[in-house]
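Remarks on the overall topology
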Amino acid sequence: MPRSPSPRPCLTDPRDRIASPFTARLVAIFAALMLLIASAQPLLAQTTGDGAAGNGVDQQTQALIELLEDDAARAQLIERLRGGAAPLVEPEPEHVPFARQVAEQTRAIAENISGVFLVAGNFTDSVSALWRDTTTADINLLTRLLGTLFIVIAGTLFGYWLLRLVSDRARIRLAARAESRPVFRRAPLALGAIAFDAGTVALAWTLGHALSIQLATNQIMALNQALFLNAFLVAEGIKVVMRAILMPRKDSLRLVPVSDTTANYWYFWLSRLVSLIVYAFFFIAPIVTWNLTAASGDAIRTLAVFTACVIGIVLVLQNKTDVATLLKRRVARGETDTVGRLSQGLAQVWHIIAIVYLITFFMVWVAHPQTAINLMAVSTAQSLIAVLVGMVIFAFISRLITGGMHLSDDVKQRLPLLEDRLNAFVPKVLYGLRIVVLLGVAVAIANAWDLFDFVGWATSGTGAAITTSLISAGLILIVGFAMYVVVSSWIEYRLNPDFGTVPTARERTLLALFRNAFTVTLSVVVAIMMLSEIGVNIGPLLAGAGVIGLALGFGAQKLVQDVITGVFIQLENAMNEGDVVTAGGISGVVERLTIRSVSMRDLNGVYHVIPFSSVDMVSNMMRNFSYHVADIGVAYRENVSEVKAAMSEAFERLIAREEIAENIIGPFEMFGVTELGDSAVTVRGRIKTKPGQQWAIGRAYNEVIKEVFDERGIEIPFPHLTLYAGEDKEGTAPPFRLARQNPDERKALAAEAARRRNATRPTDEDIADLASDIPEESGKPMTEEAPPKE
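So, here is what we can say about the structure in this document. Values in this document were obtained by computation on a predicted structure and should not be read as measured data.

1. Considerations on the packing of aromatic side chains
Taken as a whole and judged by the stated rule, the model has 13 aromatic pairs. For the pair Phe625 and Tyr627, a centre-to-centre distance of 5.5 Å together with 85° between the ring planes defines the contact as edge-to-face. Overall, the relative accessible area of 30% leaves Tyr627 in the partly exposed class. A network of ring pairs unites the aromatic residues Tyr160, Phe228, Phe232, Tyr279 and Phe283 as a single cluster.

Structure follows, in structure tokens:
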């Protein structure tokens, strides 16, 4: 059965009254449909800020309901309303964990998104109800309202199109004049083109206002037309700014270094995003909000934001490769500094960051539509500032790591190892500091987006304890390193022979041992203090260390023996660094001494590490003074007195050399004949030298003694052979008979020699060589006598 229309008052002239609620609702529906056609996206909507659009309960009402449900709070409210003096005391806010906050926010966003379907359903029901209650007067009034609005929109856009034709001609002429001109001479022409563009928008807006004044007959018409004109002015004004920067299709007037394709591409998408957002927020949404419901207006805004985010994600994916190539350009030029490495890393993930940012913006808009833009703007600005500050600090630290620390030449001479020691430790500290900077940037970004309140956590009980412990541990580490550098530098300065007092061998040994012991002790103390600061109970650790030490004492007796023997060797001053000793069957120069072992290098350069447990005896060849013992062998026929005189003369010549004499600290000691050998008489002398100089003095003395013996004709025995053939009663030797071989025997010997050389037949050289080795037959005896004495 058809529903009868509700009675309505008779309207003699619709121009003389405000539009009916039905007509206003239809205008709002028409505006919403225009947005749907423009965006070409599925309809999305949302409820109010707390997700209660379906039941019409806002946040204040919900808070009042919760207050009335609390008996104590309700009693306080009643008492205050009656004039009581007791103020309304709100209960202390309960501390909500971070995980619970995230869960609640996620649930609220899900509820708000699910409310979109309810708003869409209500929107459809409203349209159906309106059409069921329509009358002829309502349809006529709606037609007039839509007609006047359409005339204003069409007239404004058509006028803007005509004005753009005129302004484009002027801008084309300016672009032609700007060709082949430098930038500073093109700037005035570009400003002129921008002025033409802005004037076109202003004239079109003025034309639209003139049409609106002529056609608007009531407040509803004027309001709807004013909303469109204001949205037109804002949207086209923003587009004027974009055209001023990008100058699409006018490359000669463009001041930014981009190509025509890039300029047209970005202007195309950005202009449509501007139109979508501006017309939705300044034209469509206000009409829907004022004439339908607030939830419907919020749904229009959410639709616009969702569509803009989708377009943004599409743009990110389309430009993923181009932006990555742009970010890698610095590394491609060979600039592998910190900024280049960060840019290369950002090139791999920038699109993910951009997509997450757009999704986050939409979720924040759904959860807090009133404050979403301010929250995102402030959070984004704080995040960018944190990233920029972090990059500056990161680059400064990286430059310090790359460049290293450089000391003055005077400091290098006094402390040669200080620069290397600092460059070995400081970069590790700077690497740790870079990690701290990265954590600081992450904390700042989390704090900017209200994900983590670091200041509140750091001032709370647990956070304050952790922060204080970490800072204390870091300070202990820094102080420990400073003490290590000071002590090591002082020891290094004392061991430097170019400055101050030249250290003795004993001082060098003790200072090296002290440095090792101090380093171990300081490391243990610093580690224990740091563990204590971060909350580790060191009592059980010390007890465990004692038990472990006792177990090691039983299980590593060899190690204990090494240490004990080393202690006694050092107490007895048996050896020092630089001494030439014999220990454990090895002779060499002591290069390093520890409490457990001695390291020596022998004459061949072999490096030996000898534990003290294997050292039964230490023979030190450099304690206080040394001797060179000269055992000189002469022939039996020589006069011993003459030999002693020659040895003394050689010593006198030796001490005549200044570079040799300064190392001789005593007179020449003559011991005389010490041995009658098989072929020589040994005469011994001794020279007292400074520690470690006996070998050099001995070599020099041997050179001089050879010269003196040659001058005096004293024979130094050497191995030789005398062939004795015997003699007859008259004292003459019998003849020594040799027979020449016949030619056949010589050829046989030559063939054997050739066979040994893998030759096929003997050569003439073989036969000649063999013949030359056989002397002619002679009747003379062959004897060998000692050379006559000169």
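2. Comments concerning the sheet that holds strand β7 (residues 669–676)
Across the sheet, three strands lie side by side as β6-β8-β7; this open sheet has antiparallel pairing. Where the open sheet ends on each side, the last strands, each with one partner, are β6 (626–634) and β7. In this sheet, adjacent strand axes meet at a mean angle of 25° when their direction is disregarded. Judged from the nine bridges that link them, β6 and strand β8 (residues 681–689) form a sheet pairing that is antiparallel. Opposite Val629, over in β8, you have Arg686 as the bridge partner. Across the sheet, helix α21 (residues 640–655) is in contact with β6, β7 and β8; its angle to β8 comes to roughly 25°. Sheet contacts for helix α23 (residues 694–712): β6 and β8; angle to β6, the most-contacted strand, approximately 25°.

3. Some thoughts on a nonpolar patch on the surface
A cluster of nonpolar side chains, contributed by Leu559, Val560, Val563, Ile564, Val567, Phe568, Leu571 and Ile595, occupies part of the molecular surface with about 660 Å² of accessible area. Note that Ile564 resides in helix α20 (residues 557–571). Classification of Ile564 by relative accessible area gives partly exposed; the value is 44%.

4. Describing the sheet that holds strand β1 (residues 580–583)
Strand order across the open sheet formed by five strands is β4-β3-β2-β1-β5, with antiparallel pairing between neighbours. Two strands in the sheet have a free side with no partner beyond their single neighbour: β4 (607–611) and β5 (618–620). Sheet twist, expressed as the mean angle between neighbouring strand axes with direction ignored, is 40°. In this sheet, strand β3 (residues 597–601) lies alongside strand β2 (residues 586–593) in antiparallel orientation, the contact comprising four bridges. The residue bridging Val589 from the neighbouring strand is Arg601, located in β3.

5. Here we look at the pattern of salt bridges
Enumeration according to the criterion identifies 14 salt bridges in this entry. For the salt bridge of Glu715 with Arg637, the shortest nitrogen-to-oxygen distance reads 3.1 Å. One end of the pair, Glu715, is in the loop between α23 and α24 (743–756); the other, Arg637, is in the loop between β6 and α21, and 78 residues separate them in sequence. Among the residues examined, Arg637 registers a relative accessible area of 47% and is labelled partly exposed. Through salt bridges with shared partners, one network takes in Glu649, Arg653, Glu711 and Arg712.

6. Quick look at the environment of Arg657
Topologically, Arg657 is positioned in the loop between α21 and α22 (658–661). The residues touching Arg657, leaving out its near neighbours within four places in the chain, are Ala700, Glu703 and Val704.

7. Describing unusual backbone geometry
Residues apart from glycine generally show negative phi values, whereas peptide bonds are mostly found in trans. At Met247, a position not held by glycine, the phi torsion is positive, near 50°. If you trace the backbone, Met247 turns up in the loop between α7 (219–246) and α8 (260–291). Here Asn624, not a glycine, exhibits a phi torsion of approximately 70°, which is positive.

8. Comments concerning the nonpolar core
Among the nonpolar cores identified, the biggest contains 26 residues, and Phe228, Phe232, Tyr279 and Phe283 are the most heavily contacted of them. Looking at this core, the elements that each hand over two or more residues are α5 (136–178), α6 (183–215), α7 and α8. Apart from residues lying up to four places away in sequence, Phe228 is in contact with Val152, Ile153, Thr156, Tyr279 and Phe283. Membership of the second largest hydrophobic core comes to 23 residues, among which are Val634, Val683, Ile687 and Ile697.

Conventions we followed
Residues numbered from 1 in each chain as written. Predicted model: local features only at pLDDT ≥ 70, side-chain atom pairs only at ≥ 80, totals over all residues. Heavy atoms only, no water. Phe/Tyr/Trp six-rings, centres within 6.5 Å; stacked < 30°, edge-to-face > 60°. Buried < 20%, exposed > 50% of the residue type's maximum accessible area, 1.4 Å probe, protein only. Pairing = 2+ DSSP bridges. Helix = DSSP H or I, 4+ residues; strand = E, 2+ residues; numbered from the N terminus. Axes fitted to C-alpha atoms, helices over the stretch in contact; angles between N-to-C directions. Contact = heavy atoms within 4.5 Å. Patch = residues over 30% accessible without salt bridge, like charges linked within 9 Å, V, L, I, M, F, W, Y side chains within 5 Å. Areas by Shrake-Rupley, 256 points an atom, 1.4 Å probe, with all protein chains shown as cover. Salt bridge = Lys/Arg side-chain N within 4 Å of Asp/Glu carboxyl O. Core = buried A, V, L, I, M, F, W, Y, C linked by side-chain atoms within 4.5 Å.

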